[in-house]
Amino acid sequence: QVQLVESGGGLVQAGGSLRLSCAASGRTFSNYYMGWFRQAPGKEREFVAGIARSGGSRSYADSVKGRFTISRDNAKNTVSLQMNSLKPEDTAVYYCAAKYLVSMRYEYWGQGTQVTVSS
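A.B. asks: I tried to follow the packing of aromatic side chains on my own but got confused; where do I start?
C.D. replies: Centre distance and the angle of the planes are the two values used to describe a pair of aromatic rings. With the rule as written, the count across this model stands at six aromatic pairs. Ring geometry for Tyr32 against Tyr100: centres 5.5 Å apart, planes inclined by 65°, an arrangement best described as edge-to-face. With Tyr32 in the loop between strand S3 (18-25) and strand S4 (33-39) and Tyr100 in the loop between strand S9 (92-99) and strand S10 (108-109), the pair connects residues that are 68 residues apart, well separated along the chain. For Tyr100, a relative accessible area of 38% translates into the label partly exposed. Aromatic pair Phe37 and Tyr106: ring centres 5.0 Å apart, planes at 80°, arrangement edge-to-face. Remark: Tyr106 occurs in the loop between S9 and S10 and Phe37 occurs in strand S4; sequence separation between them is 69 residues. Each member of the pair, Phe37 as well as Tyr106, is classed as buried. Connected via pairs of aromatic rings, a cluster forms that spans Phe37, Phe47, Tyr106 and Trp109. Over the ring of Trp109 we find Arg45, and its NZ or CZ is 4.4 Å from the ring centre. In this arrangement the basic side chain of Arg53 is found over the ring face of Tyr100, its NZ or CZ atom lying 5.1 Å from the centre.

Dropping the structure here:
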């Protein structure tokens, strides 16, 4: 089992920045692909960003490219999401997730952290 705990959410004005963090425990963190997802009210959960085990490969949803940056620190068992130039449409609950194989679905999830962007 992998336990994930997100932090760093909050209320920010449009154009502002937030940094989300996710602390992992339970298994060898560097063995897992990590991702960030979000779910806005009335919408399905969507992929935001992903990062490979070593951090060498990253992927982003088109809606956040150029504004968000995912990173990881395998020594500290953490993955972060730096969010810049935030827009009201970024308002959602953000979830950290982990999977063992790149071909798998994400299998471990955090409880989520609320991000609200005011216009």
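From this point on, the discussion continues.
A.B. asks: Help me out: how do you make sense of the pairing of strand S7 (residues 68-73) in this one?
C.D. replies: Remember that side chains alternate between the two faces of the sheet whenever the strand is regular. Only one face of S7 is covered, namely the face carrying Phe68, Ile70 and Arg72; the face carrying Thr69, Ser71 and Asp73 is uncovered. Alignment of S7 against strand S8 (residues 78-83), held across six bridges, turns out to be antiparallel. In the strand pairing of S8, Ile70 is matched with Leu81. If you look at the hairpin formed by S7 and S8, you'll find four residues sitting between the two strands, and Asn77 has a positive phi there, around 55°.

A.B. asks: I tried to follow the state of the cysteines on my own but got confused; where do I start?
C.D. replies: A disulfide bridge is the covalent bond that connects two cysteines by way of their sulfur atoms. Summed over all chains, the structure comprises one disulfide. Between the sulfur atoms of Cys22 and its disulfide partner Cys96 the distance amounts to 2.1 Å. Of note, the bridge from Cys22 to Cys96 carries an S-S torsion of about -80° and is left-handed in sense. Of this pair, Cys22 sits in strand S3 while Cys96 sits in strand S9, placing them 74 residues apart in sequence. Assigned by exposure class, Cys22 and Cys96 land together as buried.

A.B. asks: What is the right way to read the sheet that holds S7 from this model?
C.D. replies: Strand pairing within a sheet occurs via backbone hydrogen bonds; the two strands may be parallel or antiparallel. Taken in spatial order, the four strands line up as S1-S3-S8-S7 in an open sheet, and their pairing is antiparallel. Two strands bound the open sheet, and with one partner strand each, they are strand S1 (3-7) and S7. Across this sheet, the average inter-strand angle for adjacent strands is 15°, counted without regard to direction.

A.B. asks: What is the right way to look at the side chain of Glu6 in this model?
C.D. replies: Among the secondary structure elements, Glu6 is positioned in strand S1. One buried charge, Glu6, has no salt-bridge partner; the nearest side chain with opposite charge is Arg45, at 7.9 Å. At a separation of 3.1 Å, a polar atom in the side chain of Glu6 contacts the main-chain amide nitrogen of Gln111. A polar side-chain atom of Glu6 sits 2.9 Å from the main-chain amide nitrogen of Gly112. When near neighbours in sequence (up to four residues on either side) are disregarded, Glu6 contacts Ser21, Cys22, Trp36, Tyr94, Tyr95, Cys96, Gly110, Gln111, Gly112 and Thr113.

Procedures and definitions
- Residues numbered from 1 in each chain as written.
- Predicted model: local features only at pLDDT ≥ 70, side-chain atom pairs only at ≥ 80, totals over all residues.
- Heavy atoms only, no water.
- Phe/Tyr/Trp six-rings, centres within 6.5 Å; stacked < 30°, edge-to-face > 60°.
- Helix = DSSP H or I, 4+ residues; strand = E, 2+ residues; numbered from the N terminus.
- Buried < 20%, exposed > 50% of the residue type's maximum accessible area, 1.4 Å probe, protein only.
- Lys NZ or Arg CZ within 6 Å of the ring centre and 35° of its normal.
- Pairing = 2+ DSSP bridges.
- Disulfide = S-S within 2.5 Å.
- Axes fitted to C-alpha atoms, helices over the stretch in contact; angles between N-to-C directions.
- Lys, Arg positive; Asp, Glu negative; His and termini not counted.
- Salt bridge = Lys/Arg side-chain N within 4 Å of Asp/Glu carboxyl O.
- Polar contact = N/O pair within 3.5 Å; in protein donor to acceptor, adjacent residues only side chain to side chain.
- Contact = heavy atoms within 4.5 Å.

Function cannot be read off these values alone, since they describe shape.
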